[in-house]
Amino acid sequence: MTPATRQKVLGLYRKVLHIAKNWQSASGHIEETMREKEYIRNEARTLFRKNKNVTDPKLIKQCIEECEARIEIGLHYNIPYPRPIHLPPMGLAHKQGRTLRHQEKLRKISKPIYLKSHDEIS
């Protein structure tokens, strides 16, 4: 990891922790605000620690883009949790075969960048 990339990652981590410190829930309830603040801190710690040994520049860039996207979406919609994706159910495919594999591949490809690591830790 280059020094510039390292500084960018550390800056993102500080930014997330700063957001968590100043976070206000949409409802304004103190309990909900505290729960959301804790979620933001725990999610940041988990993801940054999970990816601390990543050395591939493409994967590092993807992780940085995911972090930036989640920050922007969280601030815009005032929700700390990843927004769900709305894809049609896989009810049209048979339980096995090419069609099912093709639909699973399409669902994986169409997953937004801000949800790439969410399924891995939840």
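Sequence positions are assigned chain by chain, starting from 1 and proceeding in written order. Where local features are concerned, this predicted model is filtered to residues with pLDDT of at least 70; where side-chain atom pairs are given and counted, the filter is 80 or more; whole-chain, interface and lining totals use all residues. As a rule here, side-chain values come from all non-hydrogen atoms in the structure, and water together with hydrogens is ignored.

Brief notes about unusual backbone geometry
- With a phi close to 60 degrees, Asn78 is a non-glycine residue in the positive phi region.
- With respect to the element layout, Asn78 can be found in the loop between α3 (57–77) and α4 (98–110).
- A relative accessible area of 28% places Asn78 in the partly exposed class. We count a stretch as a helix when DSSP gives it H or I for four or more residues in a row; a strand needs E for two or more, and each element gets its number in order from the N terminus. Three exposure classes are used, based on accessible area relative to the maximum for each residue type with a 1.4 Å probe and protein chains only: buried under 20%, partly exposed in between, and exposed over 50%.

A look at the packing of helix α1 (residues 3–21) against α3
- Viewed as axis vectors pointing N to C, α1 and α3 meet at an angle of 25 degrees, and their least axial separation amounts to 11 Å. What the angle tells us is that α1 and α3 run roughly parallel. The crossing of α1 and α3 is left-handed. Where α1 approaches α3, its residues Thr5, Lys8, Val9, Leu12, Lys15, Val16 and Ile19 are matched on the opposing element by Ile60, Ile64, Cys67, Glu68, Ile71, Glu72 and Leu75.
- Considered class by class, the residues forming the contact of α1 with α3 number nine nonpolar, one polar and four charged. To get an axis, a line is fitted to the C-alpha atoms, and for a helix only the part in contact is used. The angle between two axes follows their N-to-C directions and goes from 0 to 180 degrees. Throughout this description, any angle smaller than 35 degrees is read as roughly parallel, any larger than 145 degrees as roughly antiparallel, any in the 65 to 115 degree range as roughly perpendicular, and the remainder as oblique. Here is the rule for handedness: rotate from the far helix to the near one, and if that takes an anticlockwise turn smaller than a right angle the crossing is left-handed, while a clockwise turn gives right-handed. Here, two residues are considered to be in contact whenever any of their heavy atoms come within 4.5 Å of each other. As a working rule, the residues Ala, Val, Leu, Ile, Met, Phe, Trp, Tyr, Cys and Pro are called nonpolar, Asp, Glu, Lys and Arg charged, and the rest polar, with Gly in that last group.

Here we look at the pattern of salt bridges
- Between Lys or Arg on one side and Asp or Glu on the other, a salt bridge is scored when a side-chain nitrogen of the former is within 4 Å of a carboxyl oxygen of the latter. Following the criterion strictly, the structure yields four salt bridges and no others.
- Note that Glu68 is salt-bridged to Lys8, the shortest N-O span being 3.1 Å. Here Lys8 lies in helix α1 and Glu68 lies in helix α3, a separation of 60 residues in the sequence.

So, the packing of aromatic side chains
- Side-chain rings of Phe, Tyr and Trp (the six-membered ring for Trp) are treated as a pair once their centres are within 6.5 Å; stacked means planes under 30 degrees apart, edge-to-face means over 60, and tilted covers the remaining angles. Counted by the stated rule, this structure contains two aromatic pairs.
- The interplanar angle of 55 degrees and the centroid separation of 4.6 Å between the aromatic rings of Tyr39 and Tyr81 together place this pair among those described as tilted. Within this pair, whereas Tyr39 is found in helix α2 (residues 30–50), its partner Tyr81 is found in the loop between α3 and α4, the two being separated by 42 residues in sequence.
- What makes Tyr81 partly exposed here is its relative accessible area of 34%.

Section: the nonpolar core
- Formed by Leu12, Val16, Ile19, Ala20, Trp23, Ile40, Ala44, Val54, Ile60, Ile64, Cys67 and Ile71, the largest nonpolar core amounts to twelve residues.
- The set of elements that each furnish at least two residues to this core consists of α1, α2 and α3. Here, nonpolar core refers to any group of buried Ala, Val, Leu, Ile, Met, Phe, Trp, Tyr and Cys residues whose side-chain atoms link them within 4.5 Å.

Read these as spatial facts, not as claims about activity.
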